[in-house]
Amino acid sequence: MIKNIIKSSLILSSTLFFACSDAPEKVEKIVDIDPLIQHIDSSFKASDDFFMFANNTWFKQHPIKASETSNGIFKTIDDSVNAAIKQICIKSSQANAVKGSNEQKIGDLYKSSMDTILLEELGITPIQNELNTIDNINSLEELPQLIAHLNTIGVSPLFHFWIGPDDKNSSLNRGALWQGGLGLGERDYYLNTDERTVKIKNEYVAHIQNMFELLKFEEAEAKLTANSILNIETDIAKISKSMEALRDPYGNYNLIATSNLKTNFSTDFWQNLLQAWNLNSMDSLIVGQPSFFKALTPILNKYSIAEWKNYCKWFLISDYASYLSKDFADEDFHFFSTVLSGVSEKKPRWETAVNETNEALGELIGQVYVKEYLPANTKEKLKEIGENIRTVYAEHIKNLDWMSEETKAKALVKLAKINMKVGYPDKWKDMSAIEIKSDEYLMNILHLNEWEFHRMLAKNGQPVNKDEWGMYPQTYNAYYSPSFNEIVVPACNIIVPGYEGKMPDDAILYGIIGGSTFGHEITHGFDDEGSLYDENGNLNDWWTAEDREKFEAKTQLIVEQYSAYTVLDSMHIKGDATQGENIADLGGVTMGIEAFKKTDQYKNNIIIGGVTPMQRFFLGYGFAWMVNRRDEALAHRVMTNVHSPAKFRVNGVVSNLTEFYEAFNVKKGDNMYRNEDIRVKIW
Ligand SMILES: [Zn+2]
């Protein structure tokens, strides 16, 4: 999960730039409804807060719903995709489909999720067997076996384990261990002492206590248990690396022979774990943070087996609460949605059911979705935009004034080899072995987790299958994978709200799809982490030392720029942890601009909605991050997420770009103005 989800500037010659004023006479194009213009709030000056200027009228007209953490472009697109998936689910559930068919699986999973009456009747029953499995162990020696089992059903206490491409040999699958074990996900929640964090931590302990009371623990016992779990997790937090420190692929690559695990970590635990998964043939594995695993052994010995059993129960019940009766689901919602993200109301049941069905069976739903809900030429259009961005990227690399010819040649090879997967997979995953029943919601999910885990175990020592996708076509997102040296842009990235059924103009296409999607993802291949991998996806330094030094001086500027932004009261962006995303945003928009300059709309200076092509490009980019988030959710993201908040993804990037200063007449003294010597230009 951590691995594959891992997720550039320009010096424009003045001749090129001033070409704008030499452009042919402007051509005015009248449009009936122009979302870009309707979103503008001119009570903000573009040169003071471009994000609010570009989006605030929309924000004012579309307040965040009580059941949501945010509102904006993502929510709008999700709503339209969810409406399609809902139709697919309902149609499938009414189809009387042949057992084992895709339709039957989709329909019955949806049905099982909608049957809240049955869920109430069943109460704790669906997870009782798993709770018994935990109760049945009696000694620390049995813990590896138990944790091995919990991993097979998607529950990962203590650490994360996966099998995937070896960072130094990307065509081979290898096992990897990664730090983990924190119910709150991020160590800062346990270690920071500011008011907001302490409040959340106290609510967290109360939540664990409530969950154990639902598991029929007496109040006092539940309280003791919750405190003991917090103690364990705090100990684990203390030995965990920070988000910033984890941005070091070399530091995270420690190949250890399985025969040496015991010597390295002073315990049989890891050997026994591998044995429980029948991975005896595994000769070595990658340990992400050896210091963490070394320090885990004394923690394992510090607590009693009874305490470890409760810790495991906590992870189990927390992961499966939303598939149980309302009391469990409500308690889970109260903490993870209300306390952590400020959401006060649950989504309607159908939406939860649609989301769960889609998350679990997205490969099957995607097959229907791309056929029935998207324009036929989606794949071609995305490919065309992607290739145009690749072309300008190559031109940019050739013209960089800070990089040697030697490194440029290698960067160009890497760029040319980036595999672009767009739209949907050529080959879908074979999910025929999965059985879904209409009256076993929790067990359906548990079996799907088991299927996924065993599928992963079977990859051990096998060549990497480069055809696989890590996202569904109906997912409004995209990613770059350093090991695959590929970008994946799912089909629904073609959707632009307000332009359903018609093609948006190029300013929008290159601001959103060109810049914030393709340009952004390609730049991940050249950000602080991605640039450490070569054209074949191997951790292998292809830079000259001097070029690397110059690159790092530039990335340091971006770290300083974003670290200075205040998100809420005293909360700042983590400039180090978010630098890869910020580099990708800047590189993406830079390339979006260059590709847009090649279009007729730009060259013929076509005015749409009363604004110039370049103003429109930037409004389009502002639209790409039109997201309004609750303060609680914003704070949670700053603590745990490597992306900067939407406002800074826009203002931080455009305030580095000459074209923006020209398009909106930004002058010294305006809030968006940055002195030329600190404007960041990388790719
Ligand atoms: Zn990214």
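Residues numbered from 1 in each chain as written. Predicted model: local features only at pLDDT ≥ 70, side-chain atom pairs only at ≥ 80, totals over all residues. Heavy atoms only, no water.

As recorded by an unreviewed UniProt entry, the protein carries the name M13 family metallopeptidase and is attributed to Vicingus serpentipes.

Caption draft 1: Fine view of the confidence of the model for the protein. Looking at the protein as a whole, the pLDDT averages 94, with 95% of positions reaching at least 70. The model gives residues 1–24 a pLDDT under 50, and that stretch makes 56 contacts with residues more than four places away or in other chains. (pLDDT = per-residue confidence, 0-100. Contact = heavy atoms within 4.5 Å.)

Caption draft 2: The arrangement of the sheet that holds strand E9 (residues 486–490) in detail. Sheet architecture is open: three strands sit in the order E7-E9-E8, paired in mixed fashion. Edge positions in the sheet fall to strand E7 (419–423) and strand E8 (479–481), since each of these pairs with one other strand and no more. Put simply, the sheet's adjacent strands are angled 15° from each other on average, direction ignored. Two strands pair when backbone bridges link them, and E8 and E9 are joined in this way by three bridges, in the antiparallel orientation. Directly across from Tyr479, in E9, lies its bridge partner Val488. Those strands touched by helix H18 (residues 378–399) are E7 and E9, and its axis lies near 150° from that of E7. (Pairing = 2+ DSSP bridges. Helix = DSSP H or I, 4+ residues; strand = E, 2+ residues; numbered from the N terminus. Axes fitted to C-alpha atoms, helices over the stretch in contact; angles between N-to-C directions.)

Caption draft 3: Examining the packing of aromatic side chains more closely. Enumeration over the complete set of coordinates arrives at 47 aromatic pairs. For the pair Phe51 and Phe59, a centre-to-centre distance of 5.7 Å together with 45° between the ring planes defines the contact as tilted. Among the residues examined, Phe59 registers a relative accessible area of 7% and is labelled buried. On the numbers, 5.8 Å between centres and 25° between planes, the contact of Phe596 with Phe617 is stacked. With Phe596 in helix H23 (residues 579–596) and Phe617 in helix H25 (residues 613–624), this residue pair connects regions lying 21 residues apart in the sequence. Over the ring of Tyr424 we find Lys379, and its NZ or CZ is 4.1 Å from the ring centre. (Phe/Tyr/Trp six-rings, centres within 6.5 Å; stacked < 30°, edge-to-face > 60°. Buried < 20%, exposed > 50% of the residue type's maximum accessible area, 1.4 Å probe, protein only. Lys NZ or Arg CZ within 6 Å of the ring centre and 35° of its normal.)

Caption draft 4: Spotlight on the domain arrangement of the protein. Partitioning the protein into domains gives domain 1 (14–63 + 376–429 + 468–678) and domain 2 (124–323). Of the roughly 1,900 Å² buried where domain 1 meets domain 2, counting both sides, 55% is carbon and sulfur surface. At the junction of domain 1 with domain 2, the criterion picks out three salt bridges. The shortest N-O distance in the salt bridge between Lys574 and Asp188 comes to 2.8 Å. (Domains from an automatic or database assignment. Buried area = accessible area lost by both parts, 1.4 Å probe. Salt bridge = Lys/Arg side-chain N within 4 Å of Asp/Glu carboxyl O.)

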